[in-house]
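Chain and residue survey
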Amino acid sequence: MLGAYLPILVLVVIACLFGLGSVVFSSLIGQKKPSKVKLQPYECGCEPVGTARERFSIKFYLIAMLFILFDIEAVFLYPWAVLFKRLGTFGLIEMGVFIVILFVGYVYVWKKGALEWE
Amino acid sequence: METIAIPAINLAPIMPEIILSCIAMLLLLVNVFVPSESKGYLGVLSLVGLVATAASVVSGWGQPVAAFGGAVQLDNFAVFFKLIFICSAALAILISDKYVVREEINHGELYPLILFATVGMMLMACGMDLMVIFLGLEVLSISLYVLAGFNRGSLKSNEAGLKYFLLGAFSTGFLLYGMALTYGATGSTKIGNIAGFVATNPQVATNSLFVVGMLLIAVGFSFKTAAAPFHMWTPDVYEGAPTPITAFMSAGPKAAAFAAFIRVMIVAFPTLKHDWTDLLWILAVLTMTVGNIIALSQDNIKRMLAYSSIAHAGYALVGFTACNPEGVAGILFYMLSYTFMNIGAFAVIVLIGKKGEANGNVQDFAGLGQKRPLLAAILCVFLFSLAGIPPTAGFVGKFYLFSAAIKSGYIWLAIIGVLNSAASVYYYLRVMVYMYFKPSEEDFDWVGMTPAIAVCLLLCVATTLVLGVVPGTVLELAQKAVQF
């Protein structure tokens, strides 16, 4: 039964070897002409300013969490929209319940002031 | 384009969950729309919601209904457990009102979170599908993680929340992996179908996927019931969490974990019964012994009760090991009485405590017997009950659990249980010694009774004594509840 998974194992092994091989071989046989600019951390082509390990305001995390929550809502809406006609009234009601529950959360978050930056 | 056939939907079995969820969401909105410094009205509203839920739960007694293709089933077993959860939530809410004001954590979110946790527990008790049980467990756990860290300003509370979250998430991983392996071996997540598949394909019972799946599920539930050696999180979380939440966690969620544990093991894995009862035997002995021995050396009373709650999970595991109707009925009875006696004891701790969780040591109870004789007497009732001394509910519960073990031939297990129970008397009596025989250093002026806590104490004392003196009716109900 486990034999069926053999191709996946082969794929995983090849992927690992390829990744490791690229790094190892390029470091072994590649030419190395280091310069100050080349050794700088890559930062979208700009000159790096300061350390990359800054502390972020906790507001970013809050916004990120809320974004994910309401983003997932949209993910659930798509399949329903595709099958809207076939699901009929039942689907409409179920989706209504789902959205009302999310809306309660949204109102709560809004009134709590979690959406305000200051 | 043809419409997709929708199976018949019967909402009656999950009506309690629906009612409670709606009330909890309503409370969230009321909390933000009604500007009020005092949040007591939210407590009153949530108690009303719990009563409505209880009424809806009781209607399921005696007439099991399944719904959602057999994924949930409201039977006597579920009804009994759901009532335990509702009692624990209501009692926890009753003892919160004074505490949250004193600790300055009077945020309205406390009440919806407790209600959502209760919804999760109720789903666990009536779930007949591993996925429903898992979802219930997650709803419960996520609410509890937040509740454990509810006192944002307190380091200990933060520690409790974070520790509980990390370890809880880890154990959930075990549980889910076990469910996945079981599904892989049997092709179903419905616990009835799992047993049916094994009955028609007996070779599966020795399939390592299936056995490891069962073991991982057992590990996951053992963590949630705080059974040794998966108990490490309990003392820190119980000590750090706000006291009413500790009371709640030690009663409701523990019972919920037992409800799901019992149902999954007995319904889904009857073929491996000899294996998992052996496993439970070891767990029960370890849990009782570890809990009681470490509790002996605790000075902080919340920590002591945390270890004592580990030991009590061990006593319940004795009944589970016996795995006969008497044993399971014993667990139901014990969980009910434990809810009342333990939350009662925590209510007294809330009263004695001072701001910043001060006054939480055994020594701080010195002189309570002279200064506050009634309160001390009430605490004595709870401690006697926890120790298992007649005529209290704790004694009757232990009696049924141990006699069930003897009936199934586990004589040694019962002996170890009784010895453990005897050892536990030391640390419960120690509190009483401080209360009555040590001179008071404080005058207990701050101990102000509120109506809510008075009601809670009255209910707890009455139930502890009534269940101890006339346990017949409730025990009969518990026995009727043990038909899956």
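Note: the structure precedes this text.
Notes on the structure in this doc start here.

What counts, and at which threshold
Residues numbered from 1 in each chain as written. Chains lettered and ligands numbered in written order. Predicted model: local features only at pLDDT ≥ 70, side-chain atom pairs only at ≥ 80, totals over all residues. Helix = DSSP H or I, 4+ residues; strand = E, 2+ residues; numbered from the N terminus. Rg over C-alpha atoms; globule rule 2.2 N^0.38 Å. Buried ≥ 20, exposed ≤ 12 C-beta atoms within 10 Å, placed from the backbone. Contact = placed C-beta atoms within 7 Å. Axes fitted to C-alpha atoms, helices over the stretch in contact; angles between N-to-C directions. Left-handed = near helix turned anticlockwise from the far one by under 90°. Nonpolar A, V, L, I, M, F, W, Y, C, P; charged D, E, K, R; others polar. Expected span 1.5 Å × (residues − 1). Arc of directions from axis to C-beta.

**A look at the overall build of chain B**
- Across its full length, chain B holds 19 helices and two strands.
- In terms of C-alpha radius of gyration, chain B reaches 22 Å, essentially the compact-globule figure of 23 Å for 484 residues.
- Dimensions along the principal axes, computed over C-alpha positions, put chain B at roughly 75 × 60 × 40 Å.
- Looking at chain B as a whole, 58% of its 484 residues qualify as buried.
- Counting only contacts in chain B whose residues sit at least 6 apart along the sequence, the fraction spanning at least 24 positions is 80%.

**Things to note about the packing of helix 3 (residues 76-102) of chain B against helix 18 (residues 451-469) of chain B**
Residues and elements named next belong to chain B.
- Contact geometry of helix 3 with helix 18 gives a least axis separation of 8 Å together with a crossing angle of 145°. Every pair of crossing elements has a handedness; the one defined by helix 3 and helix 18 is left-handed. Taken together, the residues of helix 18 that come into contact with helix 3 (itself represented by Leu91, Leu94, Ile95, Asp97 and Lys98) are Ala452, Ile453, Val455, Cys456 and Cys460.
- Residue composition of the contact of helix 3 with helix 18, by class: eight nonpolar, no polar and two charged.

**Side note on helix 18 of chain B**
All names here are of chain B.
- Its 19 residues place the ends of helix 18 27 Å apart at the C-alpha level, agreeing with the 27 Å of an ideal helix rising 1.5 Å per residue.
- Where helix 18 is concerned, the buried positions are Ala452, Ile453, Cys456, Leu457, Cys460, Val461, Thr463, Thr464, Leu467 and Gly468. One side of helix 18 carries all its buried residues, which in axial view fall inside an arc of 165°. Opposite the packed face of helix 18, turned more than 90 degrees from it, sit the exposed residues Pro451 and Leu458.
- On the buried face of helix 18, the contacting elements are helix 3, helix 13 (325-352), helix 15 (373-387), helix 16 (393-407) and helix 19 (472-480).

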